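Read off the chains here:
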Amino acid sequence: MSTSTTGAGPVAANPEQAAAAELRSAVARQFGRSLHIRTLDTGSCAACEQEIRMLAAPHYDLHRLGFFFTPAPRHADLLLVTGPMLRAFAAAARKTYDAMPGPKLVVATGACALGGVYQPDAFSYGSVEPVLPVDVWIPGCPPSPLALLQGLLVAVGRLAEKAPALSFVVGGSS
Amino acid sequence: MPLWFIRGLRRGVVTTRYPARPDPSASAVPTPPAFRPEAITSGVGDGMVAICPSRALARDGDTLIFDAGACTACGRCREHAPAAVTASGEFELAATERSGLVKRIQLAGEVSQ
């Protein structure tokens, strides 16, 4: 299993970033081998759920990496949140998060959860961030199972994130 | 002996080796756009900003602001300006900072404010 790269990055000068790096390595130590995932649909169209479901199929087989789905937030280490966070669901989302034992991770999944598709209005917050403290963002509409796998591995510090270095310019530094 | 067992033996392992090795199916999924700054004039840029259904694009003077987190990889900007936009082919887009997904692209084409 490739565990050579971590998401910790270079040691930062300011104490806040150093603390974050330390926390990340602690999370990697605790979650590096086995992690239980609770999915939370906060009003998505179910395309993200479809892709998440595919993770358990033979081609992707996320169990080989030590990830498991659990139906109970009390057994979960990671909350995989999809959808634009409907206001009617916010209380339930907070309760789900509070029911999880610490340390815990929140991963916002898909363009809705990242604030791309819906604007904040009377019905939804437009993104997950106003309600839950997000640790990792996975873009995509929906994110492919490989993108989800990479996001989960970034969340537990087993893979370095690539997105901040990408420029999205043809022939650029990406 | 059940047929699925024989079929499985014949086909071998189907599980991807990702992340140890790249997955060949990764190139089949839609990916966010990659831009050619020299081909984006203000008209082309504003057209793309107007056509983007998920507000992933914005223009700030001679800078195109692309939010990869908001992008749904629908391909409308690519259709609007095929000369200026291609598919990036990037799918490993997870980020630990939301701001890490917002890119500022300096436009080199003829741009009017």
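Quantities reported herein were computed from a predicted structural model and do not represent experimental measurements.

Peer 1: What should I look at first to understand the overall build of chain B in this one?
Peer 2: Within chain B, the secondary structure is distributed over three helices and five strands. Each principal axis of the C-alpha distribution contributes one length, and for chain B these read about 75 × 30 × 20 Å. The proportion of buried residues among the 113 residues of chain B is 35%. Contacts spanning at least 24 positions in sequence make up 75% of the contacts within chain B whose residues lie at least 6 apart.

Peer 1: Please explain the nonpolar core as it appears in this structure.
Peer 2: General note: in soluble globular proteins, nonpolar side chains tend to be found buried as a group. All names here are of chain A. Counting residues in each nonpolar core, the largest one holds 76 residues, and the members touching the most others are V81, V107 and A108. The greatest single-element share of this core, amounting to eight residues, is contributed by helix 5 (residues 145-155). With residues near it in sequence (within four places) discarded, A108 still touches V81, A113, L114, V128, V134, W137 and I138.

Peer 1: Would you mind showing me how to read the environment of V102(B) here?
Peer 2: Residue and element names in this part refer to chain B. Turning to its location among the elements, V102 is positioned in strand 5 (residues 102-106). Note: C-alpha distance between V102 and P2 (100 residues apart in sequence) is 52 Å. If we ignore the near neighbours within four places in the chain, the residues touching V102 are I65 and D67.

Peer 1: Even after reading the chapter, I still don't get the sheet that holds strand 3 (residues 78-82) of chain A, so can you show me in this structure?
Peer 2: Two modes of strand pairing occur in sheets, parallel and antiparallel, and in both the strands are linked by backbone hydrogen bonds. Residues and elements named next belong to chain A. Pairing is parallel in the open sheet, where five strands are placed in the order 2-1-3-4-5. The two strands at the open ends of the sheet, each matched to only one other strand, are strand 2 (67-69) and strand 5 (136-138). Pairwise comparison of adjacent strand axes, ignoring direction, gives a mean angle of 30° for this sheet.

Peer 1: Would you take a moment to explain the sheet that holds strand 2 (residues 57-60) of chain B for this structure?
Peer 2: All names here are of chain B. The strand order across the open sheet formed by three strands is 2-3-5, and the pairing between neighbours is antiparallel. Either end of the sheet is taken by a strand with one partner, and the two such strands are strand 2 and strand 5. Across the sheet, the mean angle from the axis of one strand to that of its neighbour is 25°, orientation sign disregarded. Sheet topology places strand 2 next to strand 3 (residues 63-67); four bridges connect them, and they run antiparallel.

Peer 1: Explanation requested: the pairing of strand 3 of chain A in the structure shown.
Peer 2: Along a regular strand, successive side chains alternate from one face of the sheet to the other. Residue and element names in this part refer to chain A. Extensive coverage of strand 3 is indicated by the burial of five of its five residues. With five bridges connecting them, strand 1 (residues 35-41) and strand 3 associate as parallel partners. Along strand 3, the bridge assignment pairs L40 with V81. With respect to chirality, the unit in which strand 3 leads through helix 3 (residues 90-99) into the neighbouring parallel strand 4 (residues 105-109) is right-handed.

Peer 1: Which parts of the structure should I look at to understand the interface of chain B and chain A?
Peer 2: The accessible area lost on association of the parts is a frequent measure of interface size. If you look at the interface, chain B gives 41 residues, while chain A gives 37 residues. Counting residues per element, the ones that place at least two in the side of chain B that touches chain A are strand 1 (33-35), strand 3 and strand 5 of chain B. Among the elements that take part in the side of chain B that touches chain A, strand 1 of chain B stands out by supplying three residues, more than any other. In the side of chain B that touches chain A, the residues fall into 23 nonpolar, nine polar and nine charged.

Peer 1: Help me understand helix 2 (residues 42-51) of chain B, please; the structure alone is not making it clear to me.
Peer 2: Turn by turn, an α-helix covers 3.6 residues, leaving residues three or four places apart pointing in a common direction. All names here are of chain B. Among all positions in helix 2, only V44, G45 and M48 are buried. The arc that holds every buried residue of helix 2, seen down its axis, measures 100°, which confines them to one face. For helix 2, the elements touching its buried residues are strand 2, strand 3 and helix 3 (76-80).

Peer 1: Before we go on, may I ask you to explain the pairing of strand 1 of chain A in this structure?
Peer 2: Residues and elements named next belong to chain A. The buried fraction of strand 1 is high, at five of seven residues. Pairing geometry for strand 1 and strand 2, over three bridges, is parallel. Bridge pairing in strand 2 places I37 opposite F69. For the crossover from strand 1 across helix 2 (residues 47-54) to strand 2, the handedness is right-handed.

Peer 1: Help me understand unusual backbone geometry, please; the structure alone is not making it clear to me.
Peer 2: Between C141(A) and the following residue, P142(A), the backbone shows a cis peptide bond with an omega angle of -10°. Mapped onto the secondary structure, P142(A) falls in the loop between strand 5 and helix 5. Residue P19(B) is reached from Y18(B) by a cis peptide bond, and omega for that bond is 5°. Not every positive phi belongs to a glycine, and D61(A) is a case in point at roughly 45°. Despite not being glycine, F168(A) has its phi angle at roughly 55°, a positive value. Structurally, F168(A) can be placed in the segment after helix 5.

Cut-offs used in this document
- Residues numbered from 1 in each chain as written.
- Chains lettered and ligands numbered in written order.
- Predicted model: local features only at pLDDT ≥ 70, side-chain atom pairs only at ≥ 80, totals over all residues.
- Helix = DSSP H or I, 4+ residues; strand = E, 2+ residues; numbered from the N terminus.
- Buried ≥ 20, exposed ≤ 12 C-beta atoms within 10 Å, placed from the backbone.
- Contact = placed C-beta atoms within 7 Å.
- Core = buried A, V, L, I, M, F, W, Y, C linked by C-beta atoms within 7 Å.
- Pairing = 2+ DSSP bridges.
- Axes fitted to C-alpha atoms, helices over the stretch in contact; angles between N-to-C directions.
- Right-handed = clockwise from strand over helix to strand, strands pointing away.
- Nonpolar A, V, L, I, M, F, W, Y, C, P; charged D, E, K, R; others polar.
- Arc of directions from axis to C-beta.

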